[in-house]
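# Breakdown of the fold
Each chain, letter by letter, is given below.
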Amino acid sequence: MPSRVPSLRMLRSFFTDGSLDSLGTSEDARSKRHSTSDLSDVPFSAVRKEGWLHCKQILTKKGKAEDREDMLAWIKVIRENSKAEGEDPGFASQALISKKLNDYRKVSPAGTKPDSSPKGPRGLGIRAEFLKQTGTSAPRSPRQDAAVTKDESSSQKAPWGINIMKKNKKSAPRAFGVRLEDCQPAPDNKNVPLIVEACCKVVEDRGLEYMGIYRVPGNNAVVSSLQEQLNKGATEINLQDERWQDLNVISSLLKSFFRKLPEPLFTDDKYNDFIEANRIEDASERMRTLRKLIRDLPGHYYETLKFLVGHLKTIADHSEKNKMEPRNLALVFGPTLVRTSEDNMTDMVTHMPDRYKIVETLIQHSDWFFSDKEDKGEKVGAAPP
């Protein structure tokens, strides 16, 4: 510890008033006015009045720390006096110490290397060594503090997988391009998609006598606009929307829905069975086989097919006005309903008559194919001719 231990007030003036560069200019003049022996008796106001250069001269002779150990001792005294008198230790460590270190570097002889004695870790600077000895961490910038706070807060969070599951809420069901069981269901029949029920309702309310219904295509841009809206997961459909007023748009929307089903309404695994059943020569056997295949369809597919065929039957019942008999409706819906998910040109050409015929037969005898008598334990009537 150096013998020249100053008071805190003197140290404050020493470190905050300026650098050491011009110290020598007033050394002789100032030294005649005060000596080291009476410096401790000089009040702080008097020291400030005399000037900072004079105080520095008295305290350090020529304003320099003699060596590394001398510098560390000075800094340690600064810190201890700051704590003892209630001064903010951050000010001492950040302002006073930094200034002293900068001055020390400026006045160090050229070519002189810092002391690399084994008293501290190799390569550890004076400031870092002192902070280690006093147990004080180096001051950090606001950006560093924010980064540390962010790291600490993130470490308290749950595992990332759980967070992702919480954030990714289940999205509303889409309408187009998804399996029937994944579609938004109708309020009155959970196995029928909402879009199917809405389109059929609009056509039956306003288009039963509309000539060429389902045969005349609607505006592609409007159809695409409705598809995009419904695919956003709308749980309700505003039938008062202007786009829902065009019957051709709505009929095209319904056909597009069935065309984009990844699993066709008659399903991939039963497609060939339906084609073979339609080619059975005996009419009664053909009808019973078709009916059995229909009854074996999965729940959503059976209920949706039943709903759609019932709707087409209603349209056909008004064919005197709309000119859409069962055969005309079959020409429109046959290729869309009776197909495979990977339809190829060969099947389209060779199976097209079967597709038409199957849909036409269902429309003509919808009551028999979808009768609930069997479900009630009643005997089903003979197959129609």
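Residues numbered from 1 in each chain as written. Predicted model: local features only at pLDDT ≥ 70, side-chain atom pairs only at ≥ 80, totals over all residues. Heavy atoms only, no water.

Under an unreviewed UniProt entry, the name given to the chain is RHG23 protein, and the source organism is Menura novaehollandiae.

### Structural notes on the pattern of salt bridges
Using the criterion set out here, one finds nine salt bridges in the structure. Where D241 meets R243, a salt bridge forms, and the shortest distance between an N and an O atom there is 2.9 Å. By relative accessible area, R243 is classed as partly exposed at 23%. Close ionic contact of D296 with K292 constitutes a salt bridge, the shortest N to O distance being 3.1 Å. Counted as one network, the salt bridges with shared partners bring together R179, E181 and E263. (Salt bridge = Lys/Arg side-chain N within 4 Å of Asp/Glu carboxyl O. Buried < 20%, exposed > 50% of the residue type's maximum accessible area, 1.4 Å probe, protein only.)

### Side note on the environment of I280
Among the structural elements, I280 can be located in the loop between α13 (268-278) and α14 (283-295). The contact partners of I280, leaving out residues within four places of it in the chain, are E285, R286 and T289. (Helix = DSSP H or I, 4+ residues; strand = E, 2+ residues; numbered from the N terminus. Contact = heavy atoms within 4.5 Å.)

### A word on helix α10 (residues 194-206)
Look at α10: 19 Å from first C-alpha to last across 13 residues, which is about the 18 Å you get at 1.5 Å a residue. Every buried residue of α10 is listed here: L194, I195, V196, E197, A198, C199, C200, V202 and V203. (Expected span 1.5 Å × (residues − 1).)

### Quick look at α14
Counted at 1.5 Å a residue, the expected span for α14 with its 13 residues is 18 Å, and the 18 Å between its end C-alpha atoms agrees. All of the buried residues along α14 are R286, M287, L290, R291, L293 and I294. All buried residues of α14 project into a common sector of 160° when viewed along the axis, lining one side. The backbone nitrogen of S284 lies 3.4 Å from a side-chain oxygen of the residue at the head of α14, namely D282. (Arc of directions from axis to C-beta. Polar contact = N/O pair within 3.5 Å; in protein donor to acceptor, adjacent residues only side chain to side chain.)

### Comments concerning the packing of aromatic side chains
If you walk through the whole model with that rule in mind, you get six aromatic pairs. Their ring planes at 80° and their centres at 5.2 Å tell us that F257 and F258 sit as a pair that is edge-to-face. You'll find F257 and F258 in the same group, each marked buried. When the ring of Y302 is compared with that of F370, the centres are 5.8 Å apart and the planes differ by 50°; the resulting orientation is tilted. Of the two residues, Y302 sits in helix α15 (residues 299-316) while F370 sits in the segment after α19 (366-369), which places them 68 residues apart along the sequence. Taken as a pair, Y302 and F370 share a single burial class, namely buried. Here the aromatic cluster, defined as three or more aromatic residues joined through ring pairs, consists of F176, F257 and F258. Here the basic side chain of R291 rests over the ring of W368, its NZ or CZ set 5.4 Å away from the ring centre. (Phe/Tyr/Trp six-rings, centres within 6.5 Å; stacked < 30°, edge-to-face > 60°. Lys NZ or Arg CZ within 6 Å of the ring centre and 35° of its normal.)

### Quick word on the packing of α15 against helix α17 (residues 326-337)
Remark: α15 packs on α17, axes separated minimally by 10 Å, with the N-to-C direction vectors making an angle of 155°. Comparing their axes, α17 and α15 come out roughly antiparallel. Crossing of α15 against α17: the hand is right-handed. Here L308, L312, I315 and A316 of α15 come into contact with α17, specifically with P326, L329, F333 and L337. For the contact of α15 with α17, a count of residues per class yields eight nonpolar, no polar and no charged. (Axes fitted to C-alpha atoms, helices over the stretch in contact; angles between N-to-C directions. Parallel < 35°, antiparallel > 145°, perpendicular 65-115°, else oblique. Left-handed = near helix turned anticlockwise from the far one by under 90°. Nonpolar A, V, L, I, M, F, W, Y, C, P; charged D, E, K, R; others polar.)

### Overview of the side chain of K270
Secondary-structure assignment places K270 in helix α13. Lacking a salt bridge, the buried K270 has D296 as its closest oppositely charged neighbour, with an N-O distance of 4.8 Å. In this structure K270 touches L293, D296 and L297, once residues within four positions along its chain are discounted. (Lys, Arg positive; Asp, Glu negative; His and termini not counted.)

### Observations concerning a nonpolar patch on the surface
On the surface, M345, M348 and V349 cluster together to form a nonpolar patch covering roughly 300 Å² of accessible area. Turning to its location among the elements, M345 is positioned in helix α18 (residues 345-364). Relative accessible area serves as the criterion here: at 59%, M345 is assigned to the exposed category. (Patch = residues over 30% accessible without salt bridge, like charges linked within 9 Å, V, L, I, M, F, W, Y side chains within 5 Å. Areas by Shrake-Rupley, 256 points an atom, 1.4 Å probe, with all protein chains shown as cover.)

### Overview of the environment of M324
Tracing the chain through its elements places M324 in the loop between α16 (319-322) and α17. Considered as a pair, M324 and L208 are 116 residues apart in the sequence and their alpha carbons are 9.7 Å apart. With residues near it in sequence (within four places) discarded, M324 still touches G212, I213, R215, I315, A316, S319, L329 and V332.

### Here we look at unusual backbone geometry
The phi angle at Y214 is positive, at roughly 75°, despite the residue not being glycine. Relative to the assigned elements, Y214 resides in the loop between α10 and α11 (220-230). Using a relative accessible area of 0% as the deciding quantity, one classes Y214 as buried. A positive phi angle, close to 65°, is found at T267, a residue other than glycine. Positionally, T267 belongs in the loop between α12 (247-259) and α13. A relative accessible area of 3% means that T267 is categorised as buried.

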